[in-house]
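Below, each chain spelled out in residue letters.
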Amino acid sequence: MGPLYSLARQALFALEPEAAHRLSVVALKSGVLPRCPADLDSRLAVTVAGLSFANPIGIAAGFDKNAEVPTEILRLGYGFAEIGSVTPQPQTGNPKQRIFRLPADQAVINRLGFNNEGHARVLGRLQAIGGNRPGPIGVNVGANKDAESRIADYAVGIETFYPVADYFTVNISSPNTPGLRDLQAKGNLQALLEAVLNARQMAGEKSGVQKPVFLKVAPDLAPQDLADIADLANRHPLDGLVVSNTTLSRSGLRPDPHADEAGGLSGRPLFKRSTIMLAKLRQMVGPDMTIIGVGGVDSAETALEKICAGADLVQLYTGFVYRGPGLIRTILTGLSAAVEEEGVASIAALRDRRLQAWADRDLPL
Ligand SMILES: Cc1cc2nc3c(=O)[nH]c(=O)nc-3n(C[C@H](O)[C@H](O)[C@H](O)COP(=O)(O)O)c2cc1C
């Protein structure tokens, strides 16, 4: 962390977390944050799911729910930005306070509950950005809490954002919308996948472009659920998995007044669990499906470990809260050093290096 962010973080951390986040978005919008230097390392470039990424590190969903700053995020140096989750109708989410920092663990608990401005507003912003973007922008689609059919909400999301999204993430793993995670159960997931992939096919035929669809899963799945998800993923034309969302587990947390708040836990304590799940799923879906590894990445070492455990791409959110806008540069420098040290031509060559070791570990209780 640079001395400047160290100061800024003190000021931000004096604020309530949601207000601090709002301020960060405003700062990004105003352009006061540094841009990543232009000397990009072409060995970090990744091509997966038919998309080209200047580097494998993206900002995870939730940071820019309403697509206010995707290009600013990309200009900080991130290889891609995922906006959302966005639901058809605007939603206020749960009552505040609903985000909590756990500084001793470099973690966050949130129970936002899909607060967002809804399809129409977010679509307008992405239309205004147009096609001339510094990197891929993914749209993470969700369902309204009171939707008549949650599955239909996801399908409408794909249809609505098809012209402006580079890829889609179908988020069925937020712990903060009651019953949402039930969509991960086999029968429900089959119906969901059919609906969203059908929506993709129809929009694809209309536009002549096939855009990738990824499924974002929870880190709290039992072994049988993992096997079911992998099986369905393999049997449908799904392009990839995002592993993982926040966890309901509180195991191993240091004492903190907020440790028992309800919601999803993210950051360092999620790293091990989400990386084991990633490796197990990589083994189950085989080498060709795209996997985005998310959860507890806050350094070059943790980003690299996700890749070694089977990820093609990596995302982070909580690391940004604790390490600030300079983190991406630190990670990219570290990844370049790793590529150099290993004597490989590209970062993708390091994928799966420690797959077996990660997959052999038991998920923590
Ligand atoms: C405040 C907050 C809001 C989030 N909102 C969303 C969301 O709307 N949709 C989603 O798919 N994931 C959401 N996430 C989960 C992140 O995308 C990510 O999967 C998770 O935080 C683990 O990564 P991390 O440890 O790097 O934060 C949110 C996370 C946080 C901390």
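Details of the structure are given in the entry above.
The text that follows walks through the structure, step by step, so that each part is easy to find. Position numbers for residues start from 1 in each chain and track the written sequence from start to end. Reporting of local features is limited, given that this is a predicted model, to residues whose pLDDT is at least 70; pairs of side-chain atoms are given and counted only at 80 or more, and all residues count toward the totals for whole chains, interfaces and linings. Remark: hydrogens and water are excluded; side-chain values derive from all non-hydrogen atoms of the structure.

### What to know about the overall build of the chain
Helix and strand assignments come from DSSP, with helices taken as H or I runs of at least 4 residues and strands as E runs of at least 2, each series counted from the N terminus. A count of helical and extended segments in the chain gives 12 helices and 13 strands. Throughout, radius of gyration means the C-alpha value; the globule benchmark is 2.2 Å times the number of residues raised to the power 0.38. Since a compact globule built from 365 residues should have a radius of gyration of about 21 Å, the 19 Å found for the chain is in line with a globular shape. In terms of overall dimensions, the chain has a C-alpha envelope of 50 × 50 × 45 Å along the principal axes. Within the chain, the fraction of its 365 residues that count as buried is 58%. A contact between two residues is defined here by any heavy atoms of the two lying within 4.5 Å. Across the chain, the fraction of contacts at a sequence separation of at least 24, relative to all contacts at a separation of at least 6, is 74%. If you sum the accessible surface of the chain, you get close to 14,700 Å²; carbon and sulfur atoms cover 53% of it. The charge count treats Lys and Arg as positive and Asp and Glu as negative. His and the chain ends do not count. Each charge is placed at NZ for Lys, CZ for Arg, CG for Asp and CD for Glu. Here the chain contributes 37 positively and 37 negatively charged side chains, and the mean placements of these two sets differ by 4 Å. Think of it in three bands: with a 1.4 Å probe and only protein chains considered, a residue is buried below 20% of the maximum accessible area for its type, exposed above 50%, and partly exposed in between. Calculation of accessible area relied on Shrake-Rupley with a 1.4 Å probe; when residues are assessed, cover is drawn exclusively from the protein chains displayed.

### Some points on the sheet that holds strand β3 (residues 57-59)
At least two bridges found by DSSP between two strands are what make those strands a pair. Spatial ordering of the closed barrel is given by β3-β4-β7-β8-β9-β10-β12-β13, a layout of eight strands whose pairing is parallel. Here the average twist between neighbouring strands, direction ignored, is 25°. Examined bridge by bridge, strand β9 (residues 213-217) and strand β10 (residues 240-243) share four bridges and lie parallel to one another. Across the sheet, V217 pairs through a bridge with V243, a residue of β10. Axis lines are fitted through C-alpha atoms, for helices just across the contact stretch, and the angle between N-to-C directions can take any value from 0 to 180 degrees. The sheet strands contacting helix α9 (residues 300-308) are β3, β12 (290-294) and β13 (313-316), and the helix crosses β13 at an angle near 140°.

### Focus on the pattern of salt bridges
We count a salt bridge whenever a side-chain nitrogen from Lys or Arg sits within 4 Å of a carboxyl oxygen from Asp or Glu. Scanning all chains against the criterion turns up 22 salt bridges. A salt bridge links R354 to E305, with the shortest nitrogen-to-oxygen separation between them at 2.8 Å. Of the two residues, R354 is situated in the loop between α11 (327-342) and α12 (355-359) and E305 in helix α9; the sequence distance between them amounts to 49 residues. What makes E305 buried here is its relative accessible area of 16%.

### A closer look at the layout of surface pockets
Cavities and pockets are defined on a 1 Å grid built over the protein atoms alone: a cavity is a set of grid points where a 1.4 Å probe fits but cannot escape, while a pocket is an open set with protein on both sides within 12 Å along at least five of seven lines, and lining residues are those with an atom within 4 Å of any such point. Grid points are joined across faces, edges and corners, and a volume is the space filled by probe spheres set on the points. Quantified by volume, the second largest pocket comes out at close to 310 Å³. As for the second largest pocket, its lining consists of 19 residues, and the residues nearest its centre are E18, H21, R22, N66 and N115. No other element matches helix α2 (residues 17-30), which puts five residues into the lining of the second largest pocket.

### Topic: the sheet that holds strand β5 (residues 99-102)
As summarised here, the arrangement of the three strands in space is β5-β6-β11, forming an open sheet in which the pairing is antiparallel. Each having just a single partner strand, β5 and β11 (264-267) make up the two edges of the open sheet. The average undirected angle you get between the axes of adjacent strands in this sheet is 25°. Relative to β11, strand β6 (residues 107-110) runs antiparallel, the two sharing four bridges. Of the residues in β11, the one forming a bridge with N110 is G264.

### Structural notes on α2
Taking 1.5 Å of rise per residue, 14 residues should cover 20 Å, and α2 covers 20 Å from first to last C-alpha, within 8% of that figure. Next to the buried residues of α2 lie α1 (3-13), α3 (70-76) and β5. Taken from the residues just after α2, G31 is the one with a positive phi, measuring 80°. In a helix, the anticipated span is given by 1.5 Å times the number of residues less one.

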